[in-house]
Amino acid sequence: MKSLPPPIVFVLALGLMSLFPHLQSVAFFRPLAVALGVFATITGGLSVWAFYQAKTTINPHRLDATSALVQNGIFCFSRNPMYLSLAILLIAFALWRGNLWALSVLPLFMGYIQIFQILPEERMLTAKFGRDYQDYCARVRRWI
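Conventions we followed
Residues numbered from 1 in each chain as written. Predicted model: local features only at pLDDT ≥ 70, side-chain atom pairs only at ≥ 80, totals over all residues. Heavy atoms only, no water. Helix = DSSP H or I, 4+ residues; strand = E, 2+ residues; numbered from the N terminus. Buried < 20%, exposed > 50% of the residue type's maximum accessible area, 1.4 Å probe, protein only. Contact = heavy atoms within 4.5 Å. Lys, Arg positive; Asp, Glu negative; His and termini not counted. Charge placed at Lys NZ, Arg CZ, Asp CG, Glu CD. Core = buried A, V, L, I, M, F, W, Y, C linked by side-chain atoms within 4.5 Å. Salt bridge = Lys/Arg side-chain N within 4 Å of Asp/Glu carboxyl O. Expected span 1.5 Å × (residues − 1). Arc of directions from axis to C-beta.

A.B. asks: Looking at this structure, how should I read the overall build of the chain?
C.D. replies: Along its length, the chain carries 5 helices and 0 strands. Taking the principal axes of its C-alpha atoms as reference, the chain extends roughly 50 × 35 × 25 Å. With 144 residues in all, the chain has 40% of them scored as buried. Relative to all contacts within the chain whose residues are 6 or more apart in sequence, the contacts with residues 24 or more apart total 78%. Charge separation in the chain, taken as the distance between the mean sites of 12 positive and 5 negative side-chain charges, equals 9 Å.

A.B. asks: Help me understand the nonpolar core in this model?
C.D. replies: Soluble globular proteins tend to pack their nonpolar side chains together in the buried interior. Counting 19 residues, the largest nonpolar core has Met-17, Leu-90, Phe-109, Ile-113 and Trp-143 as its most contacted members. Looking at this core, the elements with two or more residues in it are helix H1 (6-18), helix H3 (81-97) and helix H4 (106-129). It is H3 that contributes the most residues to this core, 7 residues altogether. Not counting residues within four places of it along the chain, the set of residues in contact with Trp-143 comprises Ser-78, Tyr-83, Leu-84, Ala-87, Met-110, Ile-113, Gln-114 and Ile-118. The next biggest cluster of nonpolar side chains, apart from the first, holds 12 residues, and it includes Ala-50, Leu-69, Leu-125 and Tyr-133.

A.B. asks: What is the right way to read the environment of Phe-51 from this model?
C.D. replies: Along the chain, Phe-51 falls in helix H2 (residues 30-54). Among the residues examined, Phe-51 registers a relative accessible area of 17% and is labelled buried. Placed 80 residues apart in sequence, Phe-51 and Arg-131 show a C-alpha to C-alpha distance of 20 Å. Those residues within four positions of Phe-51 in sequence are excluded, and the remaining contacts are Thr-56, Thr-57, Ile-58, Val-70, Phe-75 and Met-82.

A.B. asks: Looking at this model, I keep getting lost on the pattern of salt bridges. Mind explaining?
C.D. replies: Pairs can form between side chains of opposite charge once their charged atoms are near each other. Going through the model one piece at a time under the given rule, you end up with 4 salt bridges. We note a salt bridge from Arg-142 to Glu-122, for which the minimum N-O separation is 2.8 Å. Here the residue Arg-142 occupies a position in the segment after helix H5 (131-139), and Glu-122 occupies one in helix H4, the gap between them amounting to 20 residues. On the accessibility criterion, Arg-142 (28% relative accessible area) is partly exposed. Two residues, Arg-131 and Asp-135, come together in a salt bridge whose shortest N-O distance is 3.3 Å. Here Arg-131 and its partner Asp-135 are both found in helix H5, 4 residues apart, which amounts to about one turn of the helix. The class for Arg-131 is exposed, based on a relative accessible area of 57%. Shared partners join several salt bridges into a network, and the residues in it are Arg-79, Glu-122 and Arg-142.

A.B. asks: Would you mind going over H1 with me for this structure?
C.D. replies: Spacing of three or four residues puts side chains on the same side of an α-helix, whose turn is 3.6 residues. The end-to-end C-alpha distance of H1 is 18 Å, a good match for the 18 Å that 13 residues give at a rise of 1.5 Å each. The set of residues buried in H1 consists of Pro-6, Val-9, Phe-10, Ala-13 and Met-17. All buried residues of H1 fall inside an arc of 100° around its axis, so they share one side. Buried positions along H1 lie against H3 and H4.

A.B. asks: Sorry, what's going on with unusual backbone geometry here?
C.D. replies: With a phi close to 55°, Lys-55 is a non-glycine residue in the positive phi region. We classify Lys-55 as exposed; its relative accessible area is 69%.

Okay, structure coming up:
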């Protein structure tokens, strides 16, 4: 069974978070939400740029098209900075809305991505890049 593309999972998570009421009384979360949103956007952008420079695919459903093991730039800090940036955007959205209960959706998002996206990617990368990928995994954490 093919998994949903991560951007679709992200939009579904946003939709679930939107079901929690918007609270006006906690506007002090907004500067933090903006800072996290900017950080997530930069992180995601640097991730895509690293893949572009390596001339490899960013499409998680085209694992067979992976042509390079990207270990530089933002990938020195996280093996999955694209997924991490989406998770941070969800946190920013919950803070922007002022409802911390909306954060209860975050483990659902991360769990889905972990099981249906990251683990299959890791199996494929291990098969394709062998010891190089295993050494990379030993050096760099999966999320942060």
